[in-house]
Amino acid sequence: MVKIKYLLIGVLIVIIGILAAVIFFPNEEKRVKKQFNLLSEWVSKSPEENTFTLLQRMKNIGTLFDEHCELKVPDQSLSGSYTREEISTYAGSARSHFSQLDLKFYDLHIVFPEMEVAKVTLTSRLTGKSTAGEQVDETRELECVLRKIKNKWLFSQIEVVEVLKK
């Protein structure tokens with residue numbers, strides 16, 4: 001009877017240890033997804049947002065990007081390499097043209113082609129309302145490359161995939 005009691009306590013401790021490891025030490029795929037969740041949260045804007053929140057979110061957006069991030073867009077005027085400071089500035093400027101903005105990511109497919117590199121294919125949807133009252137609803141297919149730098153996954157390349165129109 002005593003042996004069964006110790007065996008059950010041992011099994012319970014192992015189960016609790018495994019659960020703690022899963023919760024407190026997420027795998028790399030979850031860490032990559034977290035970066036997309038943060039980007040979604042910080043790009044999104046509610047009508048009640050104040051200036052302090054706007055500035056904080058601009059600063060936060062920059063922390064998700066590598067020192068230089070390559071942007072590839074079918075519209076060549078937007079394509080190029082940008083510093084995280086430029087990204088923060090452009091994001092803040094773009095957000096200021098909207099009274100409401102919501103960015104969501106769907107169907108994330110994450111692969112790790114090499115050590116400390118993640119390639120993510122996904123669908124993004126940007127909805128909102130401009131300060132002029134126009135509705136915005138854009139859906140794009142994206143390919144992103146994130147690099148693990150100082151134990152943090154940072155966006156280093158974003159490419160908008162041109163989808164054929166019917």
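Notes on the structure in this doc start here. Each chain carries its own residue numbering, running from 1 in the direction its sequence is written. Local features in this predicted model are restricted to residues whose pLDDT is 70 or higher, and side-chain atom pairs enter the listing and the counts only when it is 80 or higher, whereas totals over whole chains, interfaces and linings include all residues. Heavy atoms from the whole structure form the basis of all side-chain values; hydrogens and water molecules are not counted.

### Some thoughts on the overall build of the chain
- Helix and strand counts for the chain come out as four helices and six strands.
- When its C-alpha atoms are laid out on the principal axes, the chain stretches across 75 × 40 × 35 Å.
- The buried label goes to any residue with under 20% of its type's maximum accessible area, the exposed label to any with over 50%, and the partly exposed label to all in between, with areas taken from a 1.4 Å probe on protein chains only. Counting across all 166 residues of the chain, residues that qualify as buried make up 31%.
- About 11400 Å² of surface is accessible on the chain, with carbon and sulfur atoms providing 60% of the total.
- Side chains of the chain carry 23 positive and 22 negative charges; the gap between the two charge centres is 9 Å. Secondary structure elements are defined from DSSP: runs of H or I of at least 4 residues count as helices, runs of E of at least 2 residues count as strands, and each element is numbered from the N terminus. Method for areas: the Shrake-Rupley scheme with a 1.4 Å probe, in which residue coverage is limited to the protein chains shown. His is not counted, nor are the chain ends; Lys and Arg add positive charge and Asp and Glu add negative charge. Where a charge sits is defined by one atom per residue type, namely NZ (Lys), CZ (Arg), CG (Asp) or CD (Glu).

### Some points on the packing of helix H2 (residues 28-43) against helix H3 (residues 51-62)
- Only the stretch in contact is used when fitting a helix axis, every axis being a line fitted to C-alpha atoms; angles between N-to-C directions are given from 0 to 180 degrees. Direction vectors running N to C along H2 and H3 enclose 155°, while the axes themselves pass 9 Å from each other. With respect to H3, the axis of H2 lies roughly antiparallel. Note that H2 runs across H3; the crossing there is left-handed. Where H2 approaches H3, its residues Leu-39, Glu-41, Trp-42 and Val-43 are matched on the opposing element by Arg-57, Asn-60 and Ile-61. Angle categories: roughly parallel below 35 degrees, roughly antiparallel above 145, roughly perpendicular from 65 to 115, and oblique for all the rest. Crossing handedness is defined as follows: a turn of the near helix away from the far one that is anticlockwise and smaller than a right angle gives a left-handed crossing, while the clockwise case is right-handed. Any pair of residues with heavy atoms lying within 4.5 Å of one another is described as a contacting pair.

### Some words on the layout of surface pockets
- Buriedness for pockets is judged along seven lines, at least five of which must meet protein on both sides within 12 Å for an open set on the 1 Å grid over protein atoms alone, while cavities are sets there where a 1.4 Å probe fits but cannot get out, and lining residues have an atom within 4 Å of a point. Grid points are joined across faces, edges and corners, and a volume is the space filled by probe spheres set on the points. There is about 1400 Å³ of room inside the largest pocket.
- Those elements giving two or more residues to the lining of the largest pocket turn out to be H2, strand E1 (65-72), helix H4 (84-96), strand E3 (98-114), strand E4 (117-130), strand E5 (135-149) and strand E6 (152-161).
- By residue number, the principal contributor to the lining of the largest pocket is E5, which donates six residues.
- Any residue that is not Ala, Val, Leu, Ile, Met, Phe, Trp, Tyr, Cys, Pro, Asp, Glu, Lys or Arg is counted as polar, Gly included; the first ten are nonpolar and the last four charged. Residues that form the lining of the largest pocket fall into these classes: 27 nonpolar, three polar and nine charged.

### Some remarks on a nonpolar patch on the surface
- Candidates for patches are residues over 30% relative accessible area with no salt bridge; among them, like charges are joined within 9 Å and nonpolar side chains (Val, Leu, Ile, Met, Phe, Trp, Tyr) within 5 Å. Any carboxyl oxygen of Asp or Glu within 4 Å of a side-chain nitrogen of Lys or Arg constitutes a salt bridge here. A cluster of nonpolar side chains, contributed by Tyr-6, Ile-9 and Ile-13, occupies part of the molecular surface with about 340 Å² of accessible area.
- Position of Ile-13 relative to the elements: it lies in helix H1 (residues 2-24).

### Some thoughts on H4
- Helix length check: H4, at 13 residues, gives a terminal C-alpha distance of 18 Å against a target of 18 Å (1.5 Å per residue), a fit within 8%.
- For H4, the complete set of buried residues consists of Ile-87, Ser-88, Ala-91, Gly-92 and Arg-95. One face of H4 carries all of its buried residues, which in axial projection span an arc of 130°. H4 presents Glu-85 and Tyr-90 as exposed residues on the side facing more than 90 degrees away from its buried surface.
- Buried positions along H4 lie against H2, H3, E1, strand E2 (80-83) and E3. One less than the number of residues in a helix, times 1.5 Å, gives the span that helix is expected to have. The arc in question is the one traced by the directions running from the helix axis out to the C-beta atoms.

### Here we look at the nonpolar core
- Side-chain atoms within 4.5 Å link the members of a nonpolar core, which is a set of buried Ala, Val, Leu, Ile, Met, Phe, Trp, Tyr and Cys residues. Ranked by internal contacts, the top residues of the largest apolar core, which has 29 residues, are Phe-36, Leu-39, Phe-65, Leu-146 and Phe-155.
- Among the secondary structure elements, those contributing two or more residues to this core are H2, E1, H4, E3, E4, E5 and E6.
- Other than its neighbours up to four places away in sequence, Phe-65 contacts Leu-39, Arg-84, Ile-87, Leu-154, Phe-155 and Ile-158.

By themselves, these are just geometric observations and shouldn't be taken as functional.
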